[in-house]
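Structural overview
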Amino acid sequence: LDVADGRVLSHQPGFSEKKSALDLVEDFVEKGLQYIKLNQIQLSGGALQPGFELYKEIQQRFPSLKIIAAGGIMHLDDLKRLRDEGIHAAVFARA
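Here's a quick rundown of the structure. The numbering scheme is per chain: residues are counted from 1 as the chain's sequence reads. The predicted nature of this model means local features are confined to residues of pLDDT at least 70 and side-chain atom pairs, given and counted, to a pLDDT of 80 or more, with totals for whole chains, interfaces and linings taken over all residues. In computing side-chain properties, one takes all heavy atoms of the structure into account and sets aside hydrogens as well as water.

Strands here mean DSSP runs of E at least two residues long; helices mean DSSP runs of H or I at least four residues long; both are numbered from the N terminus. A tally of helices and strands in the protein chain yields 4 helices and 5 strands. The secondary structure elements of the protein chain, listed N-terminal to C-terminal, are β-β-α-α-β-α-β-α-β. Throughout this description, buried means an accessible area under 20% of the type-specific maximum (1.4 Å probe, protein chains only), exposed means over 50%, and partly exposed covers the range between. Looking at the protein chain residue by residue over its 95 residues, the buried ones come to 34%. Of the accessible surface of the protein chain, which amounts to about 6,000 Å², a share of 52% is contributed by carbon and sulfur atoms. Note on areas: Shrake-Rupley with a 1.4 Å probe; residue coverage comes only from the protein chains shown.

Laid out in structure tokens, this is it:
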């Protein structure tokens, strides 16, 4: 799920204005979603740290959901913090 400023990024006109990332995740969890990859676009490509706050908020709201964090992960300390906060997995890459 691509997210920027708490909103879902979509090519569908008007979709981002209608659904927050939390609302969409809730819809998916109600339908049985067990894993989700959250890519915080505004944090990709050189930001100082991942969006720990969004991951934490989603994890608290949906404790059975396994989060795969992506975006802004650049250092070993980022991975350690994600692990310590209970994030299931992480994706890191640099173009």
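We now examine helix H2 (residues 21-30). Along H2, the residues classified as buried are Ala21, Leu22, Leu24 and Val25. On an axial view of H2, the arc spanned by its buried residues comes to 160 degrees, and they lie on one face. Where H2 ends, the next residue or the one after it, glycine 32, has phi of about 105 degrees, a positive value. For this quantity, the arc is that covered by the directions from the helix axis to the C-beta atoms.

Another aspect to go through is the nonpolar core. The set of buried Ala, Val, Leu, Ile, Met, Phe, Trp, Tyr and Cys residues whose side-chain atoms join them within 4.5 Å is what this entry labels a nonpolar core. With 19 residues, the main nonpolar core has Leu38, Tyr55, Ile58, Ile67 and Leu82 as its most contacted residues. Elements supplying a minimum of two residues to this core: H2, strand E3 (35-40), helix H3 (52-61) and strand E4 (66-70). A contact between two residues is defined here by any heavy atoms of the two lying within 4.5 Å. In this structure leucine 82 touches Phe52, Tyr55, Ala69, Ile73, Ile87 and Ala90, once residues within four positions along its chain are discounted.

Attention shifts here to the side chain of glutamine 40. As for its placement among the helices and strands, glutamine 40 is situated in strand E3. A relative accessible area of 4% means that glutamine 40 is categorised as buried. Throughout this description, a polar contact denotes any pair of N or O atoms lying within 3.5 Å of each other; where both atoms belong to protein, one of them has to be capable of donating a hydrogen while the other can accept it, and for residues adjacent in sequence the pair is counted only when both atoms sit in side chains. At 3.1 Å, the side chain of glutamine 40 forms a polar contact with the backbone oxygen of glycine 51. Apart from residues lying up to four places away in sequence, glutamine 40 is in contact with Val3, Gly51, Leu54, Tyr55, Ala70 and Gly71.

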